[in-house]
Amino acid sequence: MIAASSSLNVYLAPGVTNIRKSIDGLSLMVSELLELDPFSESLFVFCNRGRNKLKILHWQTNGFWLYYRRLEKGCFNWP
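Residues numbered from 1 in each chain as written. Predicted model: local features only at pLDDT ≥ 70, side-chain atom pairs only at ≥ 80, totals over all residues. Heavy atoms only, no water.

Can you tell me about the overall build of the protein, naming the residues and giving the values?
Along the backbone of the protein there are one helix and four strands. Each helix and strand of the protein, placed in order from N terminus to C terminus, yields the pattern β-α-β-β-β. Its C-alpha radius of gyration of 12 Å places the protein within 12% of the 12 Å reference for a compact globule of 79 residues. Along the first, second and third principal axes, the C-alpha set of the protein runs to 35 × 25 × 20 Å. Considering the protein as a whole, with its 79 residues, one finds that 32% of them fall into the buried category. Here the analysis covers contacts within the protein between residues at least 6 apart in sequence; of these, 50% occur between residues at least 24 apart. (Helix = DSSP H or I, 4+ residues; strand = E, 2+ residues; numbered from the N terminus. Rg over C-alpha atoms; globule rule 2.2 N^0.38 Å. Buried < 20%, exposed > 50% of the residue type's maximum accessible area, 1.4 Å probe, protein only. Contact = heavy atoms within 4.5 Å.)

Here you go:
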């Protein structure tokens, strides 16, 4: 589970992301497209075209967490 802290930043990747990407692909997007450090104490949130799937990339101590959420009905509000 994600432990909330005051130093935790959350970044939404605008637009559409190919949700088939894994940790390596998403961390490359963070560093190249968002120009941020994927190893920082931050959450990077990505959404698919249908806005019914999210992936969250999170670095913690010595490895990445990859959270995945799929809605069966409805969609996420996304910028």
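This is not the end of the story, as more comes after the structure.
Lay out the state of the cysteines in plain terms, naming residues and giving numbers.
One pass over the structure, following the stated rule, counts zero disulfides. Looking at C47, it has no disulfide partner, and the nearest cysteine sulfur is the one in C75, 8.4 Å off. Overall, the relative accessible area of 40% leaves C75 in the partly exposed class. (Disulfide = S-S within 2.5 Å.)

Go over the packing of aromatic side chains with me, naming the residues and quoting the values.
As enumerated under the stated definition, the model contains five aromatic pairs in all. Relative to F44, the ring of Y11 lies with its centre 5.5 Å away and its plane at 15 degrees, an arrangement referred to as stacked. With Y11 in strand β1 (residues 9-12) and F44 in strand β2 (residues 42-47), this residue pair connects regions lying 33 residues apart in the sequence. Centroid distance W59 to F64: 4.9 Å. Interplanar angle 75 degrees. Geometry classified as edge-to-face. (Phe/Tyr/Trp six-rings, centres within 6.5 Å; stacked < 30°, edge-to-face > 60°.)

Could you give an account of the environment of L57, naming the residues involved and the relevant values?
Along the chain, the position of L57 falls in strand β3 (residues 53-60). Here the alpha-carbon distance between L57 and L8, two residues 49 residues apart in the chain, equals 13 Å. Excluding residues within four positions of it along the chain, L57 makes contact with I23, L26, S27, V30, S42, L43, F44, F46, F64, W65 and L66.

So, to be careful, I would describe these as geometric facts and stop short of saying anything about function.
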